[in-house]
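Residue-level listing of the chains:
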Amino acid sequence: MSVLNELITTTELADIINQPELRLFDCTTYLEPAPEGSGQPYLTVSGRHTFEAGHVPGADFLDLQGEFSDPNTELRFMMPDVARLERAFGGHGVSSASRVVLYGIGTPMWATRFWWMLKSLGFENVAVLDGGLDKWKLEGRPLETGPAKGYQPATFTARPRDGFFVDKHQTLAASSEPGTIIVNALGPQFHKGLEPSRYGRPGRVPGSCNVSAATLLDPKTKAFVPLAEAETKFQAQGITKDKRVIAYCGGGISATVDLFLLHRLGYDNLTLYDGSMGEWAKDASLPIETG
């Protein structure tokens, strides 16, 4: 079985949609405003309702916060222990024989987050659907409604790999390392600290550059911009292949859009600050930079 290119087009997906080893997943989560006075930056709402309203035929649904994140922290979407992930992916029918395709609605960031998690567990045969459900619908392709039928449970055996995630201490140390570049995937106004932050103190990890995930996507089709255009944006910020890259955002989600494109461009020293600004902005012992 050939390993997929890690980006799959809607046409390519339509061609393999009936293959028995395909495991196709909608990964969508929604971030809703938190109630006044809440300590949380946002409420996480599973995308199951929009999945049931319309999904790519045969797809199953993955609930990132509900099933694939650490339940023992106030931070959202943190990587849980390997045993929990093995149970969760196995419960959704993923095994070493599977060919996994991930997609989202409105943005690919939920799909790229699952892509990054699977890669960190040593699972390689995983692709992200370019344009997600938005492009699939734009092209008038068929939809299915109702609850997920799911896949037959399987045994998922992780082979965890080091270096995919860093914590706040490693990120702080890296901020003064000449061989490392830290990239913020949030919008420029949040990077500069010009707007109040739902995460806490406004601003950025000191010394970090800014390549907003939103600028790496086509606003209409939600597809990724061409690789050459992405590379120009990264290089303009001094991101080069000889450097180690640490990416972050608000909750370790949109930064995986940057990581996905950097990976496709052949950058191989990549890592994610999992806690991101959800952790950094609230910790007064950590320095923050604005302007």
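Figured I'd write up the structure that's included with this text. (Residues numbered from 1 in each chain as written. Predicted model: local features only at pLDDT ≥ 70, side-chain atom pairs only at ≥ 80, totals over all residues. Heavy atoms only, no water.)

**Here's the deal with the overall build of the protein chain**
The number of helices and strands found in the protein chain is eleven helices and twelve strands. In terms of overall size, the protein chain behaves like a compact globule, its C-alpha atoms giving a radius of gyration of 18 Å where 291 residues would be expected to give roughly 19 Å. Its C-alpha atoms give the protein chain principal-axis dimensions of about 50 × 45 × 35 Å. Relative to its full complement of 291 residues, the protein chain shows a buried share of 53%. Within the protein chain, residue pairs in contact and separated by at least 24 positions form 77% of the contacts whose partners lie at least 6 positions apart. Counting every atom, the protein chain has about 12,300 Å² of accessible surface; 52% of that belongs to carbon and sulfur. Charge centroids of the protein chain, computed over 27 positive and 34 negative side chains, lie 2 Å from each other. (Helix = DSSP H or I, 4+ residues; strand = E, 2+ residues; numbered from the N terminus. Rg over C-alpha atoms; globule rule 2.2 N^0.38 Å. Buried < 20%, exposed > 50% of the residue type's maximum accessible area, 1.4 Å probe, protein only. Contact = heavy atoms within 4.5 Å. Areas by Shrake-Rupley, 256 points an atom, 1.4 Å probe, with all protein chains shown as cover. Lys, Arg positive; Asp, Glu negative; His and termini not counted. Charge placed at Lys NZ, Arg CZ, Asp CG, Glu CD.)

**Quick notes on the nonpolar core**
Membership of the largest hydrophobic core comes to 87 residues, with the highest contact counts inside it found for Leu-13, Phe-89, Leu-102 and Ile-239. If you tally residues by element for this core, the top one is helix H5 (residues 109–120), at eight residues. (Core = buried A, V, L, I, M, F, W, Y, C linked by side-chain atoms within 4.5 Å.)

**Thoughts on unusual backbone geometry**
Residues apart from glycine generally show negative phi values, whereas peptide bonds are mostly found in trans. Residue Lys-222 is not a glycine yet carries a positive backbone phi of 65°. Relative to the elements of secondary structure, Lys-222 occurs in the loop between strand S10 (209–210) and helix H9 (227–236). Positive phi, close to 45°, is recorded for Ser-276, a residue that is not glycine. With respect to the element layout, Ser-276 can be found in helix H11 (residues 276–280).

**Overview of the packing of H5 against helix H10 (residues 255–264)**
Two elements in contact, H5 and H10, have axes whose closest approach is 8 Å; the angle formed by their N-to-C orientations is 60°. The chirality of how H5 crosses H10 is left-handed. Residue-level inspection shows Met-109, Thr-112, Arg-113, Trp-115, Trp-116 and Lys-119 of H5 in contact with H10, the latter providing Thr-256, Val-257, Leu-259, Phe-260 and His-263. Broken down by class, the residue content of the contact of H5 with H10 amounts to six nonpolar, three polar and two charged. (Axes fitted to C-alpha atoms, helices over the stretch in contact; angles between N-to-C directions. Left-handed = near helix turned anticlockwise from the far one by under 90°. Nonpolar A, V, L, I, M, F, W, Y, C, P; charged D, E, K, R; others polar.)

**Considerations on the sheet that holds S10**
As summarised here, the arrangement of the five strands in space is S8-S12-S11-S9-S10, forming an open sheet in which the pairing is parallel. Two strands close off the open sheet at either side, each with one partner strand: strand S8 (165–166) and S10. Taken strand by strand, H5 contacts S8 and strand S12 (270–273), and its axis lies near 115° from that of S12. Those strands touched by H10 are strand S9 (180–184), strand S11 (244–248) and S12, and its axis lies near 180° from that of S12. (Pairing = 2+ DSSP bridges.)

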